[in-house]
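Breakdown of the fold
Each chain is listed here by its residues.
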Amino acid sequence: MSITRRSWAAGLAVTGLGCGSGSQHSAEHREDSTDTPPLPRHVIDLHCDTPMLFRDGSYDLGARNPRGEVDIPRMRDGGVTAVFFSVYTSATRNTELESVQEALEIIDSIYREVDRHPTDLEIALSSADIESVRREGRIAVLVGIEGGHMINGSLAVLRSLHRLGARYLTLTHSRDTAWAGSSGSPRNAGLSDFGREVVAELNRLGMLVDISHVSDKTFWDTLEASSAPIIASHSSARALASHKRNMTDEMIRATAERGGVVHVNYYNTFIDDGYAQRSRDWGSANPGAGTAAKLAAIGRPPLGTLLDHFEHIIRVGGIETVGLGSDFDGVDGELPEGMEDVSKIPAIAEGLSARGIASADIDKILGENSLRVLRDVEDSAEV
């Protein structure tokens, strides 16, 4: 049976997952229902920057907001069962010590927002937690640390972030650390000896090692150093869009061979070189103008451009290598047509189905692959 937005919405209505808050229906009812098409057991987004909106208390996740791309009503509309909220601090404006404090403040804001909406959200610390939270009809919230600068060169800080709920570490962000190279740097530096210790400690703790934002050399060093599968939490295919943040086919294959998952980023600049060039040209001619004006002038890429990245990674790495890594609320609204916020996730399922991808394989892309790699990393941990 093909997946359509209409059938998805009908299924959500029956199961209660589409309610604005406080779903009263067991998620198992969805799986047993013969009245509606089957829905994915899991829809898991590995990277949303929404804490940048709610950390100061001005953005209520419980409301359907006119700004931003993620809130509870829209996550319900999109069928989301788990989301990794990104802890992002600037690697260029802050010292690393300042970033540690800011990271703690952002993690605190995530916990406070979950406490604010206990009928809809619950903190998850493991793959088993994701399963149990889904069965309760709530959305699992996990924490990802977007940049190794936030450990300030300290394994003790890394362990402390893990105790606070962090379940992946992106090794770098926009610039090199003393121990790992960033895709934002021209140096193409690799892992230092301490960087290998960081990877080993992530493996020991059962935290996902995230190579989004790293240099090419750091990617290959990390693959060699890690005893567990690695992930890209929000990266697309470099064969289709040349940005250094994306992964080459060789990287995709190597990640797949080790059981890792590439979570596709939806950011226009990372999926469409033509858009990236138009954006640069327009920005040069219109300095200081906002995103809305830019999108009105140069347009958005079609949804098919995003789907091309999913399909390419499937062809290169296999169906078990692909997941969702939207970068919602981190790209200033620069998203493809038809994927403007988290409520539009059914359009990915519909589009992939129209391209001949089976429902069971779409389920893997939407969440099962992410859950599997988290479970595999947990199983290889030593704690």
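All values derive from a computational prediction rather than experimental measurement. (Residues numbered from 1 in each chain as written. Predicted model: local features only at pLDDT ≥ 70, side-chain atom pairs only at ≥ 80, totals over all residues. Heavy atoms only, no water.)

1. Section: the overall build of the chain
Quick note on the threshold: Counting from the N terminus, the helices are DSSP H or I runs at least four residues long and the strands are E runs at least two residues long. Buried, partly exposed and exposed residues are distinguished by accessible area as a fraction of the type maximum, computed with a 1.4 Å probe on protein chains only: under 20%, between the cut-offs, and over 50%, respectively. Should any heavy atoms of two residues lie within 4.5 Å, those residues are considered in contact. The accessible surface values rely on the Shrake-Rupley method and a 1.4 Å probe; as for residues, cover is taken only from the protein chains in view.
When its secondary structure is counted, the chain shows 16 helices and nine strands. Burial analysis of the chain (383 residues in total) assigns 60% to the buried set. At a minimum sequence separation of 6, the contacts of the chain that also span at least 24 residues come to 72%. With an accessible surface of roughly 14,200 Å², the chain has 49% of that area assigned to carbon and sulfur atoms.

2. Considerations on the side chain of His309
With respect to the secondary-structure elements, His309 resides in helix 14 (residues 303-317). Excluding its chain neighbours within four sequence positions, the residues that come into contact with His309 are Ser236, Ala237, Leu240, Ala241, Val264, Phe270 and Ile271.

3. Some remarks on the packing of aromatic side chains
For clarity, the threshold we go by: Note on ring pairs: Phe, Tyr and Trp rings are taken, using the six-membered ring of Trp, and paired if centres are within 6.5 Å. Classes follow the plane angle, with under 30 degrees stacked, over 60 edge-to-face and the rest tilted.
Within the structure shown, the criterion is met by six aromatic pairs. With 6.1 Å between their ring centres and 80 degrees between their planes, Trp179 and Phe194 make a pair best called edge-to-face. Placement of Trp179 in the loop between strand 5 (166-170) and helix 8 (193-205) and of Phe194 in helix 8 is noted, with a sequence separation of 15 residues between them. Here Trp179 falls in the buried class, since its relative accessible area comes to 3%.

4. Observations concerning helix 7 (residues 155-163)
Stated formally: Each direction from the helix axis to a C-beta atom contributes to the arc, which is the arc of those directions.
If you check which residues of helix 7 are buried, you get Leu155, Val157, Leu158, Leu161 and His162. Mapping the buried residues of helix 7 onto a view down its axis gives an arc of 160 degrees, with all of them on the same face. In the stretch just after helix 7, Gly165 is the one whose phi turns positive, near 115 degrees.

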